[in-house]
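If you want the building blocks of each chain, they are given just below.
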Number of protein chains: 4
Amino acid sequence: MTASSNHIRVGILGASGYTGAELIRLLAQHPSTRITLLTGDRAAGKPLGEVFPHLAYLDLPVLTKIEDADYSQCDLVFCALPHGTTQEVIAALPTHLKVVDLSADFRLHDVDTYAEWYGHAHLAPDLQKEAVYGITELARDAVAKARLVANPGCYPTAAQLPLVPLVEADLIDADDIVIDAKSGVSGAGRAAKEGSLFTEVTEGIHAYSVAKHRHAPEIEQGLTKAAGRPILVNFTPHLMPMSRGILSTTYVKLAGGASPADLREAIASRYQGEPFVRALPMGQVPATRHVRGSNHTLIGVVADRIKGRAIIVSAIDNLVKGASGQAVQNMNVMAGLPETTALMQPPMFP
Amino acid sequence: MTASSNHIRVGILGASGYTGAELIRLLAQHPSTRITLLTGDRAAGKPLGEVFPHLAYLDLPVLTKIEDADYSQCDLVFCALPHGTTQEVIAALPTHLKVVDLSADFRLHDVDTYAEWYGHAHLAPDLQKEAVYGITELARDAVAKARLVANPGCYPTAAQLPLVPLVEADLIDADDIVIDAKSGVSGAGRAAKEGSLFTEVTEGIHAYSVAKHRHAPEIEQGLTKAAGRPILVNFTPHLMPMSRGILSTTYVKLAGGASPADLREAIASRYQGEPFVRALPMGQVPATRHVRGSNHTLIGVVADRIKGRAIIVSAIDNLVKGASGQAVQNMNVMAGLPETTALMQPPMFP
Amino acid sequence: MTASSNHIRVGILGASGYTGAELIRLLAQHPSTRITLLTGDRAAGKPLGEVFPHLAYLDLPVLTKIEDADYSQCDLVFCALPHGTTQEVIAALPTHLKVVDLSADFRLHDVDTYAEWYGHAHLAPDLQKEAVYGITELARDAVAKARLVANPGCYPTAAQLPLVPLVEADLIDADDIVIDAKSGVSGAGRAAKEGSLFTEVTEGIHAYSVAKHRHAPEIEQGLTKAAGRPILVNFTPHLMPMSRGILSTTYVKLAGGASPADLREAIASRYQGEPFVRALPMGQVPATRHVRGSNHTLIGVVADRIKGRAIIVSAIDNLVKGASGQAVQNMNVMAGLPETTALMQPPMFP
Amino acid sequence: MTASSNHIRVGILGASGYTGAELIRLLAQHPSTRITLLTGDRAAGKPLGEVFPHLAYLDLPVLTKIEDADYSQCDLVFCALPHGTTQEVIAALPTHLKVVDLSADFRLHDVDTYAEWYGHAHLAPDLQKEAVYGITELARDAVAKARLVANPGCYPTAAQLPLVPLVEADLIDADDIVIDAKSGVSGAGRAAKEGSLFTEVTEGIHAYSVAKHRHAPEIEQGLTKAAGRPILVNFTPHLMPMSRGILSTTYVKLAGGASPADLREAIASRYQGEPFVRALPMGQVPATRHVRGSNHTLIGVVADRIKGRAIIVSAIDNLVKGASGQAVQNMNVMAGLPETTALMQPPMFP
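Thresholds, definitions, all that
Residue numbering note: each chain is counted from 1, following its sequence as written. Whichever chain is written first is A, and whichever ligand is written first is 1; the rest continue in order. Since the coordinates come from a predicted model, pLDDT governs what is reported: local features require at least 70, and pairs of side-chain atoms require 80 or more to be given and counted, while whole-chain, interface and lining totals use all residues. Think of the side-chain values as coming from all heavy atoms in the structure, minus any hydrogens and water. UniProt positions are given in the numbering used here, feature names are shortened, and annotations may be inferred rather than shown by experiment. Our superposition of the copies is a least-squares fit, built on the C-alpha atoms of residues whose pLDDT is at least 70 in both. Any two residues whose heavy atoms approach within 4.5 Å are treated as being in contact. Whenever Lys or Arg places a side-chain nitrogen within 4 Å of a carboxyl oxygen from Asp or Glu, that contact is recorded as a salt bridge. Numbered from the N terminus, helices here are DSSP runs of H or I no shorter than four residues, and strands are runs of E no shorter than two. Whether a residue is buried, partly exposed or exposed follows from its accessible area with a 1.4 Å probe, protein chains only, as a fraction of its type maximum: under 20%, in between, or over 50%, in that order. Under the pairing criterion, centres of Phe, Tyr and Trp rings, with the six-membered ring standing for Trp, must be within 6.5 Å; the plane angle then separates stacked pairs below 30 degrees from edge-to-face pairs above 60, leaving the rest tilted. A simple way to read buried area is as the amount of 1.4 Å-probe accessible surface that goes missing from two parts once joined, with both sides added. Inter-axis angles, ranging from 0 to 180 degrees, are taken between N-to-C directions of lines fitted to C-alpha atoms, where helices are fitted over the stretch in contact. An angle counts as roughly parallel when it lies under 35 degrees, as roughly antiparallel when it exceeds 145, as roughly perpendicular when it falls between 65 and 115, and as oblique in every other case. Crossings are sorted by hand: turned counterclockwise from the far helix by less than a right angle, the near helix makes the crossing left-handed, and turned clockwise it makes it right-handed. Amino acid classes used here: Ala, Val, Leu, Ile, Met, Phe, Trp, Tyr, Cys and Pro are nonpolar; Asp, Glu, Lys and Arg are charged; the rest, including Gly, are polar. Here, a strand pair is defined by DSSP locating no fewer than two bridges between the strands. Each domain's extent is set by a domain assignment, obtained either automatically or from a database. Definition of a polar contact: a pair of N or O atoms within 3.5 Å, with one able to donate and the other able to accept a hydrogen when the atoms are protein atoms, and with sequence-neighbouring residues admitted only if both atoms are side-chain atoms. Along the arc lie the directions from the helix axis toward the C-beta atoms.

- With an unreviewed UniProt entry as reference, chain A is termed N-acetyl-gamma-glutamyl-phosphate reductase, source organism Oceanibaculum indicum P24.
- For chain A, the Pathway (unreviewed entry) comment in UniProt is given as "Amino-acid biosynthesis; L-arginine biosynthesis; N(2)-acetyl-L-ornithine from L-glutamate: step 3/4."
- We quote the UniProt Sequence similarities (unreviewed entry) comment for chain A here in full: "Belongs to the NAGSA dehydrogenase family. Type 1 subfamily."

**What about the relation of the copies chain A and chain B?**
- When chain A is fitted to chain B, the residual RMSD is 0.0 Å, and the transformation amounts to a turn of 180° plus an axial shift of 0.0 Å. The transformation just described matches what one would write down for a two-fold rotation axis.
- Of all interface residues in chain A, 100% are interface residues in chain B too; the two copies therefore contact each other through one and the same surface.

**Points about the pattern of salt bridges**
Residue and element names in this part refer to chain D.
- In total, this model carries 76 salt bridges over all chains according to the counting rule given.
- For E339, the salt bridge identified is with R140, shortest N-O distance 2.7 Å. Separated by 199 residues along the polypeptide, E339 in the segment after α11 (320-334) and R140 in helix α6 (residues 140-145) bring together distant segments of the chain.
- Under the relative-accessibility criterion, R140 is labelled partly exposed at 26%.

**Looking at the packing of aromatic side chains**
- Across all of its chains, the model carries 18 aromatic pairs over all chains by this definition.
- Both rings, one in Y114 of chain C and one in Y118 of chain C, keep their centres 4.7 Å apart while their planes meet at 10°; by these two values the pair is stacked. Note that Y114 of chain C and Y118 of chain C are positioned in helix α4 (residues 111-118) at a spacing of four residues, about one turn of the helix.
- On the accessibility criterion, Y114 of chain C (0% relative accessible area) is buried.
- Given the relative accessible area of 11%, Y118 of chain C is considered buried.
- Through pairs of rings, three or more aromatic residues link up here, namely Y18 and F52 of chain A together with F349 of chain D.

**Examining the interface of chain A and chain B**
- Taken together, the contact between chain A and chain B spans 51 residues of the former and 51 residues of the latter.
- Carbon and sulfur atoms supply 53% of the area that chain A and chain B bury against each other, a total of about 4,100 Å² over both sides.
- In terms of surface lost to chain B, no three residues of chain A exceed E203, I205 and R305 of chain A, which account for 18% of the buried area on that side.
- Run the count over chain A and chain B and you get eight salt bridges.
- Notably, a salt bridge pairs D176 of chain B with K253 of chain A, separated by 2.3 Å at the nearest N-O pair.

**As for the interface of chain C and chain A**
- Across the contact, 18 residues belong to chain C and 18 residues belong to chain A.
- With both sides pooled, the region where chain C packs onto chain A buries about 1,600 Å², and carbon together with sulfur makes up 59% of that total.
- Note that R190 of chain A and E200 of chain C form a salt bridge whose closest N and O atoms lie 2.7 Å from each other.

**Side note on the packing of helix α7 (residues 154-168) of chain A against helix α9 (residues 215-227) of chain A**
All names here are of chain A.
- Where α7 meets α9, the closest approach of the two axes is 9 Å, and the angle between their N-to-C directions is 20°. With respect to each other, α7 and α9 are oriented roughly parallel. Two packed elements cross with a definite hand, and for α7 against α9 that hand is right-handed. Contact residues: C154, Y155, P156, A159, Q160, L163, V164, V167 and E168 in α7; H215, E218, I219, G222, L223, A226 and A227 in α9.
- Of the residues assigned to the contact of α7 with α9, the class counts are 11 nonpolar, three polar and two charged.

**Side note on the sheet that holds strand β2 (residues 33-39) of chain C**
All names here are of chain C.
- In spatial order, the strands read β3-β2-β1-β4-β5-β7-β6; together these seven strands make up an open sheet with parallel pairing. Both edges of this open sheet fall to β3 (63-64) and β6 (132-133), since each of them pairs with a single strand only.
- In this sheet, strand β7 (residues 148-150) lies alongside β6 in parallel orientation, the contact comprising two bridges. When the bridges of β7 are listed, V132 appears paired with V149.

**Details of the domain arrangement of chain A**
All names here are of chain A.
- Assigned domains of chain A: these are domain 1 (8-152 + 322-334) and domain 2 (155-318).
- A separation of 24 Å is found between the C-alpha centroids of domain 1 and domain 2.
- Taken residue by residue, the interface counts 24 residues in domain 1 and 27 residues in domain 2.
- In total, about 2,200 Å² of surface goes out of reach between domain 1 and domain 2, with carbon and sulfur atoms giving 50% of it.
- The tally of links between domain 1 and domain 2 comes to three salt bridges.
- Ionic pairing is found between E274 and R140, a salt bridge with its closest N-O pair at 2.7 Å.
- Put simply, domain 1 and domain 2 have 15 residue pairs in polar contact (both at pLDDT 80 or more) between them.
- At the level of secondary structure, the elements contributing two or more residues to the side of domain 1 that touches domain 2 comprise α1 (18-27), α4 (111-118), α6 (136-145) and α11 (320-334).

**Points about the UniProt feature "active site" (unreviewed entry) in chain A**
Residue and element names in this part refer to chain A.
- In this structure's numbering, the residues bearing the UniProt feature "active site" (unreviewed entry) are C154.
- Owing to a relative accessible area of 13%, C154 belongs among the buried residues under this scheme.
- If near-sequence neighbours (up to four positions away) are discounted, C154 is found in contact with H215, I246, I316, N318 and G322.

**Notes on the relation of the copies chain C and chain A**
- With an RMSD of 0.0 Å, chain C superimposes on chain A once it is rotated by 180° and translated 0.0 Å along the axis.
- The residues that chain C uses at the interface reappear at the interface of chain A in 100% of cases, marking a shared surface.

**Quick notes on helix α6 (residues 136-145) of chain B**
Residues and elements named next belong to chain B.
- Turning to α6, its buried residues are T136, E137, A139 and V143. Viewed end-on, α6 has its buried residues packed into an arc of 135°, placing them on one side of the element. Of the exposed residues in α6, those oriented more than 90 degrees away from the buried face are D141 and K145.

Below you can see the structure in the form of structure tokens.
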């Protein structure tokens, strides 16, 4: 970040979780960064290869406790810590550091909404106001100037990318949006929980946190801004047997005389030239496997048989565009690097 | 079916597909039936164990071509043949036979709707009128008297069981129903298709046949009858990596002053005493794995955060309640046997 | 078990794990048993349906703490507790109870071998001597008379069923046996462990506990008895992404002039008439999916291209024949009931 | 390949299969190649994105029929055609082309062995002699000079990398090698076959082609060369539910006084400095998920409990090091480029 350095020196706080590992996977191919700090409390003192054998061959710093972190070695930190614990950590960071926070702690800007959904007052309300909510394509300029970027949630990224242009242009009834989302299991992290066991997840699907998932207010915050008035959505997440991927099937009603093709056109033109967001031809819908391992977002629009309605399907990899990939994308923007650096590897299929 | 026989002699036309195998799995535990005929054109002349090694140990007739079938050995046939080819086969059957047809051929009663969705005029319009559409719990009396039962589709079973009581009682707005359904791969049958390959399906999800799936008019037929006026629904199926199971997430708007709890209560009381349909406590939702391998339907109702809306989730095993299990259930009703015979094995989890 | 009762009153100690749930699934169809006791320490006070929603519809006793168990209500208990804790529990049980123990605690008869592999002296050495090691087909008479049956491990069942007849008849070189076994994840139980997470297991395979798995001495105990001299085997287990199933691929060298076909014949004749063990035609090998959910064992023998060698493949469902199914089979034998009672449901495929 | 061009112009014959897609995925990040030709008979005339939507965003030539290929636009072709059809295609190619053949057609050098295993005389015996068998690490110099490289099979790559150094150094008994291999489903290609359906593969495992798989003579050819005398192996492949990956568990007997640690040391020193082959610390074994999507080979050695024996486990991604990755590696060597170009992306986990 400084003219004197050849590389951005990067720290990853919480490197022993899946989003941490994914940051390392992506940054391993980044020509302009160097990882100088990895923290992981339970694994402190261990090489990363003991926690993630697939990365053992990389030359990386040993994991340290977060309280032992030497931030003088870093220009920027990615914060991949659990929700709730992050705000105080970030508030205590030296201010020379730029920060991309992958937790939910700085995503909601309204203090009351935060308190309502997280059960306590925010512990760093000043930073909460300063933080830039970083769906890169929707906030590029603000991200470029930000010191603290709140990296968006996986579901909210998949939901907002298609919906924001439509709500802004009043092409749909923003008061009647149904979002039925399906997620892979890595979204639940690497914590050992009964509900994430192979035997509990394979060969099945279920809805969870129905009408009470914390990504709902995050989506609503974005749509409220787009609409210029308060918007609520019906958001229903499902857990299904795949490691990566989110498919978001959104049911909308047309407004202002728009046709389904107008919706597709609004999305396509909004993301014209974007390297990571693509509208499919009208009537086609994406599959999560077509974005697996990549930073791409695919969006399809189909006219419903019922006049005046459309179905919008968006697909991302929750660990890439839904987390670590977008975080690197935001870092690139913050550092004035080409935005696609380290993010051009194609999806992996099969 | 005659007083003189100890067992109902059963034939299965199309025994080399998954629904055929599932019929055999279930009937193997039925004390009052005997399988006397199995047809399977490509596998004619082979023992069933070559087609389905998991059933090789059962004492079963060799597969024959359908034109070689000796129907004098049967009292009832299950017809598990592909859509389109079935209607002529059934029209040509001896009339002493009772028939449970697992294809879609006799599910739609309106000749124009059939022609619209299947691309040709029905070839047995008289039988089309006679056939009883057999969601057992919703048509028990008619099934009991039927000679030909059209066994419902998997998606339509999962969708109609919760919706019919609500539409009948005007508790929801029948003109604003969104059904987001997720299915296992066995619904696509055993045909060797690229889209059903392990490598194409595992670790991913996608919507398909959006706004044009043939189960939409089947669902609409049931809801139209329930409402007493034409009903259209938004029905969007998804293919996901599991062999068995359908989860149907339905988004509804309350009508006539009903609360979400009223919806749950209407469903619970409609199916009070039913052995195979159960409403979960308010706010709970089912998982497909909780019905796997069984004939059960589980239904959950949750109030949305948006006032006046609710989410209904229903789960079945597409090969059991969504196909072969309901077929056996209908056979039991047609034959005057206890309806649960051969259908009481608990779900298999994990 | 007493002439005066119509049903055997059964308790399940440790009903909140997978083998407990599987016992309940099977016993739900048993006409001669009644479940009168379920223990589950962490879930004490809850109905079973909270722990296993797929079984919520069954009429079952509430879970209790093991110290609150009223054994006067039981004739027989299945003990599905963790290894190590079981021996003291069983030692303290009232002696009117018959016991089928699914843990490893009573499987090894040699006190030194037990101490070597489990790291401590056995706490109930008298019971250790009394316990009957119950691969039903190989120990039927002893099981019939036993008060305490040590239900065999999943790997040892899959390995010994084909090998014991061959070693007894000196048809193979018992000093050169390689067993490469592949297991589903339910073998690791329902404990929340990082290594059992969906994300850690799906789409991959690895060997584990190489040359130090505790099932090795159990297999060796059986083969040592069969050979009449000490036998060691190379046993290498692998964890793979399936919930249920064990495939055991065993590499043997022929002895005493035997041909591969002689091996197959020895296995087939040994299990002639057995309802749950079947030798496939020469050259055919089984798949785990052909036994899924059932108590069957399938065994195939193939001649290697290298003269004097053969490959033997055996398949079981680890939760059924490898645990709860064999436990019920043993209970049936102990109680003088038809051995197949509650165990005749066909495999579930797909 | 010529001084005048900035890029190697690459053609892919058979681009509509999985190895074709994987070549494109890797080459998309290769700075020194340009794809100028893609053939795919059934999909001729279509953009690649219709066959592989995950690659639709890349700027690539339209698929052509192989007979319409303009080879003047190519410096090198990858041949990813089915076995048997390839030899005549390659024999007819213009001789200015360098060729990396991913089929099995040129892997076996002995005409009789080829005829025995493939059922017909080789149709291009001169090329058969010329072709270099290209496990890169074992044949780097020959690959560098080759015009035609026979890219090794997936199983043979996983098997030979650990075994060749051990056989060469007489550290194991080359006459007593047992290779138990487990493969993902992509090894069967994208052809629509019943045996590759999701429903047939998920949640199960089975051995196939036992004692008759065509990769056996390929492995034996390599070990025969290493030993300097004819070697046969017991090779047993298994199909399991994962898209990518091969785990090869090899059982060996020590020779010449070697210890298991000597085996590990021989492997480690042989591949010292190799970017894509790594020996794990003694006693550790790899998982396929630790190489997924990468060109890495991981090898672990464990001492068996039986004196004089060891277990060797190797893991690769069958589509990368087992096919397209090694093909690109060979191309890099043939073209004098840095061998790791386009192959440095880390494994993808989870």
